Amino acid sequence: MYEPIRTKSVHSTVARTPSSDFPHRSREEELDIQLAGHLAALLAVTDELRALEPSDELDVAAERLAGQLTRLRGASPSRASSAAASTSRLDALHLKAHALAGRALVVAASRADTAAAILSAERMDAHAVTVVA
């Protein structure tokens with residue numbers, strides 16, 4: 001009644017090795033990469049803010065961010081020695097830093113990284129006060 005299938009199905013159920021098609025990463029590795037990216041962006045904005053308005057708080061925050069990046073990536077992050085920005089960008093930089101810290105907080109919370117979550121929450125608070133004031 002039905003003609004037998006003569007070709008192999010493209011929907012094969014044969015188990016393939018994970019490395020045969022493309023490299024696979026675990027959820028934890030993906031979250032590590034995502035968190036490191038958010039923290040690196042936050043560090044870049046923090047360095048730019050430090051160039052515009054030097055303060056001990058920003059210096060400490062930058063060092064803590066660099067420490068977290070070193071922990072996540074296994075190597076120290078590359079950093080700009082000085083950033084050229086006008087003071088008119090100050091509020092925009094604080095807004096950007098606040099948003100980046102929020103993103104880092106979400107990822108840190110989802111991967112249960114307490115140290116990164118606390119640091120991100122502190123940076124959110126610091127930049128929220130500056131933006132509102």
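See the structure shown above.
Here goes a summary of the coordinates provided. (Residues numbered from 1 in each chain as written. Predicted model: local features only at pLDDT ≥ 70, side-chain atom pairs only at ≥ 80, totals over all residues. Heavy atoms only, no water.)

1. Describing the packing of helix α2 (residues 27-52) against helix α4 (residues 90-110)
Relative orientation of the contacting elements α2 and α4 amounts to 160°, with a least axis distance of 9 Å. Here α4 runs roughly antiparallel to α2, going by the angle between their axes. Pair α2 / α4 crosses with left-handed handedness. Across the interface between the two elements, Arg27, Leu31, Gln34, Leu35, His38, Leu39, Ala41, Leu42, Val45, Glu48, Leu49 and Leu52 from α2 touch Leu90, Leu93, His94, Lys96, Ala97, Leu100, Ala101, Arg103, Ala104, Val107, Ala108 and Ser110 from α4. Taken together, the residues of the contact of α2 with α4 sort by class into 16 nonpolar, four polar and four charged. (Axes fitted to C-alpha atoms, helices over the stretch in contact; angles between N-to-C directions. Helix = DSSP H or I, 4+ residues; strand = E, 2+ residues; numbered from the N terminus. Parallel < 35°, antiparallel > 145°, perpendicular 65-115°, else oblique. Left-handed = near helix turned anticlockwise from the far one by under 90°. Contact = heavy atoms within 4.5 Å. Nonpolar A, V, L, I, M, F, W, Y, C, P; charged D, E, K, R; others polar.)

2. Regarding the nonpolar core
A general feature of soluble globular proteins is that nonpolar side chains tend to end up buried together. One finds Leu35, Leu39, Leu42, Leu43, Val45, Leu49 and Leu65 to be the most contacted residues of the largest nonpolar core, which totals 26 residues. Listing elements by their share of this core, those giving two or more residues are α2, α3 (56-73), α4 and α5 (114-132). Residues within four places of leucine 35 in sequence aside, it is in contact with Leu72, Ala104, Val107, Ala108, Arg111, Asp113 and Ala116. (Core = buried A, V, L, I, M, F, W, Y, C linked by side-chain atoms within 4.5 Å. Buried < 20%, exposed > 50% of the residue type's maximum accessible area, 1.4 Å probe, protein only.)

3. Considerations on α3
Helix length check: α3, at 18 residues, gives a terminal C-alpha distance of 26 Å against a target of 26 Å (1.5 Å per residue), a fit within 8%. Of the positions making up α3, those classed as buried are Leu58, Ala61, Ala62, Leu65, Ala66, Gln68, Leu69 and Leu72. End-on view of α3: buried residues confined to an arc of 160°, all on one side of the axis. Looking at the residues trailing α3, positive phi occurs at glycine 74, about 85°. (Expected span 1.5 Å × (residues − 1). Arc of directions from axis to C-beta.)

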